[in-house]
Amino acid sequence: MTRKERYDNILRWFKENNPNPETELNYTDAYQLIVAVILSAQCTDKRVNLVTPALFDVFPTVEALAASTPDDIFQYIKSVSYPNNKAKHLHGMANAVVSDFNGCVPEKQEELVKLPGVGRKTANVVASVFFDVPAIAVDTHVFRVSRRIGLVPQTSNTPEKVESGLTKYIPKELWSKAHHWLILHGRYVCLARSPLCAQCGISEYCLHYSRSKKQLEALEV
């Protein structure tokens, strides 16, 4: 199977079985989304969704968050991973949005990455999910799944290389959906330690599954 054939089959399956994938983070505006995405780094969306309601009750706007302190923010996010660093990032991000962008979360990735705590992944998520800018954000799930199922070669050993490989073969109009497809697949099926291959709808197109199957067949000979 060529790489293009693998992409065509996998994308077709996802389009048929999950035509409108969405983020599992809860938000109502760009401010809430960027906060949630920053909090979600190395943390589950479920945990973030438990934390953000109280956080947004106290800091309903980016201006309110900017007027607070990292210590104030910490009290509401201490159950997420790396709360000290994230409290500092959120406070710095809010101040930058207020001072540099008139209180409006910027739309462009090149402006988003200038904000404290916002790397390329976070910028791509915010641009894609809220502003409908075509982008593929490579988080830990996208990175693992893309390499495992054979969408990108194992030599794609950085998020940037994985993103480059994916955008080369995936039509631009599907970039944002593909981001969610791969995240959800990694979260619920293609698990890090024990992928649920028997429950996987794309196993027949998966490089990992194909290799594992051949190894088992060789042992049975």
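None of the values given here were measured: they were computed from a predicted structure.

Describing the packing of aromatic side chains
Enumeration over the complete set of coordinates arrives at seven aromatic pairs. For the ring pair Tyr27 and Phe130, a centre distance of 6.5 Å and an interplane angle of 65° mean the geometry is edge-to-face. Pair noted here: Tyr27 is in the loop between α1 (3–17) and α2 (30–39) and Phe130 is in the loop between α8 (120–129) and α9 (140–149), with a separation of 103 residues, a long-range link. A relative accessible area of 29% places Tyr27 in the partly exposed class. Phe130 sits in the partly exposed class, given a relative accessible area of 34%.

Brief notes about the environment of Ala135
Along the chain, Ala135 turns up in the loop between α8 and α9. Taking the relative accessible area as the measure of exposure, Ala135 reaches 4% and is therefore buried. Between the C-alpha atoms of Ala135 and Thr167, which are 32 residues apart in sequence, the distance is 8.4 Å. Each residue touching Ala135, except ones within four places of it in the same chain, is listed here: Gln109, Asn124, Ser128, Trp175, Ser176 and His179.

Notes on helix α10 (residues 159–169)
Three or more residues of α10 are buried, namely Val162, Glu163, Gly165 and Leu166. Along the long axis of α10, the arc covered by the buried residues comes to 165°, so they all point the same way. Looking at the buried side of α10, the elements it contacts are α1, α8, α9 and α11 (175–188).

Describing the environment of Ser81
Secondary-structure assignment places Ser81 in the loop between α5 (70–77) and α6 (83–100). Residues Ser81 and Val48 lie 33 residues apart in sequence; the distance between their C-alpha atoms is 9.7 Å. Those residues within four positions of Ser81 in sequence are excluded, and the remaining contacts are Ala41, Gln42, Cys43 and Lys86.

Some details on unusual backbone geometry
Even without glycine at this site, Gln42 takes up a positive phi of about 55°. Note that Gln42 resides in the loop between α2 and α3 (45–58). Here Asn102, not a glycine, exhibits a phi torsion of approximately 55°, which is positive. Checked against the element boundaries, Asn102 lands in the loop between α6 and α7 (109–112). With a relative accessible area of 72%, Asn102 lands in the exposed category.

Rules behind the numbers
Residues numbered from 1 in each chain as written. Predicted model: local features only at pLDDT ≥ 70, side-chain atom pairs only at ≥ 80, totals over all residues. Heavy atoms only, no water. Phe/Tyr/Trp six-rings, centres within 6.5 Å; stacked < 30°, edge-to-face > 60°. Helix = DSSP H or I, 4+ residues; strand = E, 2+ residues; numbered from the N terminus. Buried < 20%, exposed > 50% of the residue type's maximum accessible area, 1.4 Å probe, protein only. Contact = heavy atoms within 4.5 Å. Arc of directions from axis to C-beta.

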